[in-house]
There are 2 protein chains.
Amino acid sequence: MGAVEKRTKTFRAGPVRIRVTTDDAAARPKERLTRERIVDAAMDLMAEKGYDGVSMRSLARALDTGQASLYAHVANKEELDQLVIDRICSELDVPEPDPENWAEQLKQVLRDCLELYRAHPGTARAAMGMIPTQEGGLRIAEGMLAICIRGGVSPQAAAWFCDIAALFVCAVAYEEQIWTQRMVDGAGHDDLHEFHEDVDGQLMAAFGQLPADRFPFVTGYARELTAGDGDERLEFGLDLLVSGLEAASERYRDR
Amino acid sequence: MGAVEKRTKTFRAGPVRIRVTTDDAAARPKERLTRERIVDAAMDLMAEKGYDGVSMRSLARALDTGQASLYAHVANKEELDQLVIDRICSELDVPEPDPENWAEQLKQVLRDCLELYRAHPGTARAAMGMIPTQEGGLRIAEGMLAICIRGGVSPQAAAWFCDIAALFVCAVAYEEQIWTQRMVDGAGHDDLHEFHEDVDGQLMAAFGQLPADRFPFVTGYARELTAGDGDERLEFGLDLLVSGLEAASERYRDR
DNA sequence: ACCTGAACACCGTTCAAGT
DNA sequence: ACCTGAACACCGTTCAAGT
């Protein structure tokens, strides 16, 4: 359950001192609902059950309140998602721009973003299609823009790059989380790495067995199509985007 | 509703001949359900009401049957989504590889993909995180791989590029469709273009009004951050990816 | 073989009524 | 001011029963 619910209480029973952690509803003076508590509980629930595990109802249940009570603090589920994303964004540190080293700095921020999504399963789904308008998200946007522009990238290229790169990382994380969720639901596996290898193996076999006359390249390069884990694919994508940006920055020099 | 439901019928009432188009259930010899009819109806419904407008129940209603009947032809909603995506994929023509011109050919295929998503609102959401395993999707993967490899791109770079570029286009389309859906739901606007300009305007104002000391770059480049429509941003992204690929192909020469 | 009604276990959101 | 129960209008999926 939520981090806020646990309290310790000490009883005296003759010579014995009993110290218990209570988390049953009856025992505590019901804490007031706040946005903070709601977001805390949503993050716990999301980490445990994935994006679809967080409903206004399950969240109310976790907070031991009625679902309607949540709407006194949060406009709707979309706003809740925004608050959750903003919270995780605020965990990320963006470095001071080092103009000599902008390309590597950008890559590192984007790698950190993926790690952040990974640390909080379900969040990538919530972040898809979200524009940063809150403190946390804006800080990251500010930091990435700063790295680009202090590094000499033209403003228009920098702005579009930040947008596109963030979208890309989010999409990679979302795909990963879909597969992770599929594993959790399907059970049968408890090792994620092993599961991925299984999927890749089956996929490679499937590609390899297609009619070779109509799909010569898919069958011929089945190995390459299924190669690499999430990190390798992210790294490849970051290489494309960043080395592309170095080139594009020239073309957009005047914008 | 679906294209299949309308029939004309002629009655004789004394001297008058009445010709009606019936689409009420009672009048027609109920057509058998098939996968084809189900996918047809799902596409119509999705175009009209977006991704969330297609539920197994609303779909059954549109087909004038019970929701359980659908499960005789389609394993679950996920399979339905796959069939819909595969159907739209089969609308796309992939060109014969022209090795001199591989970069432009790739961009054109990816532009066509975005057009396809746009022509069928709601599909990008369904396609997110989907691996092509059916005829239609595989054809596109085959075609893109062929263009890359015949153009001299190393196999591993080609394979990862196809994956990443498809993900990118899908994510761009998904973001667009979220905004479009938001407009449809919110009503008040009936011109999509005007709506986008409104959103961009408000966003630019919001960015511009942030505390300039903490967000110097976001406030300073508010115009660039909100500039450009979907096409310009896609084009920029394709430039990054494809020019990045030309560079990466060298580094992966041996793989 | 194919289809159906009814059920099960869920959603997000609203609102009059309570403390 | 804050919280609640109950309702409204939905979901995906299953299954015994019908034709």
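None of the values given here were measured: they were computed from a predicted structure.

Comments concerning unusual backbone geometry
Residues and elements named next belong to chain A.
1) Next: The backbone of Asp-64 sits at a positive phi, close to 55°, despite the residue not being glycine.
2) Next: As for its position among the elements, Asp-64 is in the loop between helix 2 (56–62) and helix 3 (67–70).
3) Next: Note on Asp-64: relative accessible area 32%, which makes it partly exposed.

Describing the interface of chain B and chain A
1) Next: Each side of the interface is counted separately: chain B has 61 residues, and chain A has 61 residues.
2) Next: Where chain B abuts chain A, roughly 5500 Å² becomes buried across the two surfaces, and 70% of that area is made up of carbon and sulfur atoms.
3) Next: Of all residues in chain B, B:Trp160, B:Phe217 and B:Phe236 give up the largest surface area on contact with chain A, accounting jointly for 13% of the area buried on that side.
4) Next: Between chain B and chain A we count six salt bridges in total.
5) Next: Put simply, chain B and chain A have twelve residue pairs in polar contact (both at pLDDT 80 or more) between them.

Focus on the environment of B:Thr219
Residues and elements named next belong to chain B.
1) Next: Relative to the helices and strands, Thr-219 is located in helix 10 (residues 216–220).
2) Next: Given the relative accessible area of 16%, Thr-219 is considered buried.
3) Next: Sequence separation between Thr-219 and Ala-205 is 14 residues; the distance between their C-alpha atoms is 9.2 Å.
4) Next: Ignoring sequence-local partners within four residues, the contact set of Thr-219 consists of Phe-207, Gly-208, Leu-210 and Ala-212.

A word on the relation of the copies chain B and chain A
1) Next: The two copies are related by a screw motion: chain B maps onto chain A through a turn of 180° and a shift of 0.0 Å along the axis, at an RMSD of 0.0 Å. Expressed as an axis order, the relation between the two copies is that of a two-fold axis. In terms of C-alpha distance to the rotation axis, chain B has B:Gly244 as its closest residue, with the C-alpha 2.1 Å off the axis.
2) Next: Interface overlap between copies: 100% of the residues of chain B at the interface are likewise at the interface in chain A, consistent with a symmetric, same-surface contact.

Describing the pattern of salt bridges
1) Next: One pass over the full model with this rule turns up 25 salt bridges over all chains.
2) Next: For A:Asp40, the salt bridge goes to A:Arg87, with nearest N and O atoms at 2.8 Å. Of this pair, A:Asp40 sits in helix 1 (residues 35–49) while A:Arg87 sits in helix 4 (residues 77–89), and the two are 47 residues apart along the sequence.
3) Next: Judged by its relative accessible area of 26%, A:Asp40 falls in the partly exposed class.
4) Next: A relative accessible area of 26% places A:Arg87 in the partly exposed class.
5) Next: With a closest N to O distance of 2.7 Å, B:Arg111 and B:Glu235 form a salt bridge. Taken as a pair, B:Arg111 in helix 5 (residues 102–119) and B:Glu235 in helix 12 (residues 230–251) lie far apart in primary sequence, 124 residues in all.
6) Next: On the accessibility criterion, B:Glu235 (26% relative accessible area) is partly exposed.

Thoughts on the environment of A:Ala42
All names here are of chain A.
1) Next: Relative to the helices and strands, Ala-42 is located in helix 1.
2) Next: A C-alpha to C-alpha distance of 9.4 Å links Ala-42 and Gly-53, two positions eleven residues apart in sequence.
3) Next: When residues no more than four places from it in sequence are discounted, the contact partners of Ala-42 are Val-54, Leu-59, Leu-80 and Val-84.

Here's the deal with the nonpolar core
1) Next: Core analysis: the largest hydrophobic core is formed by 152 residues, its most contacted members being A:Phe161, A:Leu245, B:Phe161 and B:Leu245.
2) Next: Once residues within four sequence positions are removed from consideration, B:Leu245 is found in contact with A:Phe236, A:Leu240, B:Trp102, B:Leu106, B:Cys148, B:Val153, B:Ala157 and B:Phe161.

Quick word on helix 7 (residues 135–150) of chain B
Helical geometry note: an α-helix holds 3.6 residues per turn, so side chains three or four residues apart project in the same direction.
Residue and element names in this part refer to chain B.
1) Next: The terminal C-alpha atoms of helix 7, which comprises 16 residues, lie 22 Å apart, in line with the 22 Å expected from a rise of 1.5 Å per residue.
2) Next: Within helix 7, twelve of the 16 residues are buried, leaving the element largely enclosed by the surrounding structure.
3) Next: Two residues or fewer after helix 7 comes Gly-152, characterised by a positive phi angle close to 100°.

Regarding the protein's contact with DNA strand C
1) Next: The immediate surroundings of DNA strand C are formed by 18 residues, with A:Arg57, B:Arg32, B:Thr65, B:Ala68 and B:His73 found nearest.
2) Next: A breakdown of the atoms of DNA strand C within 4 Å of the protein gives sugar and phosphate a share of 53%.
3) Next: In this structure, a base nitrogen belonging to DNA strand C sits 3.5 Å away from a side-chain N or O atom of B:Gln67.
4) Next: Contact between DNA strand C and B:His73: a phosphate oxygen at 3.3 Å from a side-chain N or O atom of the residue.

What about the UniProt feature "domain: HTH tetR-type" (unreviewed entry) in chain A?
1) Next: Sequence positions flagged by UniProt for "domain: HTH tetR-type" (unreviewed entry) are, in local numbering, residues 32–92 of chain A.
2) Next: Along residues 32–92 of chain A the backbone is 64% helical and 0% strand, and the end-to-end C-alpha distance reaches 29 Å.

Describing the confidence of the model for chain A
1) Next: Per-residue confidence for chain A gives a mean pLDDT of 86, with 84% of residues at or over 70.
2) Next: Contacts for the low-pLDDT stretch residues 1–29 of chain A, under 50 throughout, to residues beyond four places or in other chains number 38 contacts.

So, how was this worked out
Residues numbered from 1 in each chain as written. Chains lettered and ligands numbered in written order. Predicted model: local features only at pLDDT ≥ 70, side-chain atom pairs only at ≥ 80, totals over all residues. Heavy atoms only, no water. Helix = DSSP H or I, 4+ residues; strand = E, 2+ residues; numbered from the N terminus. Buried < 20%, exposed > 50% of the residue type's maximum accessible area, 1.4 Å probe, protein only. Contact = heavy atoms within 4.5 Å. Buried area = accessible area lost by both parts, 1.4 Å probe. Salt bridge = Lys/Arg side-chain N within 4 Å of Asp/Glu carboxyl O. Polar contact = N/O pair within 3.5 Å; in protein donor to acceptor, adjacent residues only side chain to side chain. Least-squares fit on C-alpha atoms with pLDDT ≥ 70 in both. Core = buried A, V, L, I, M, F, W, Y, C linked by side-chain atoms within 4.5 Å. Expected span 1.5 Å × (residues − 1). Near = heavy atom within 4 Å. UniProt positions renumbered as here; feature names shortened; annotations may be inferred. pLDDT = per-residue confidence, 0-100.

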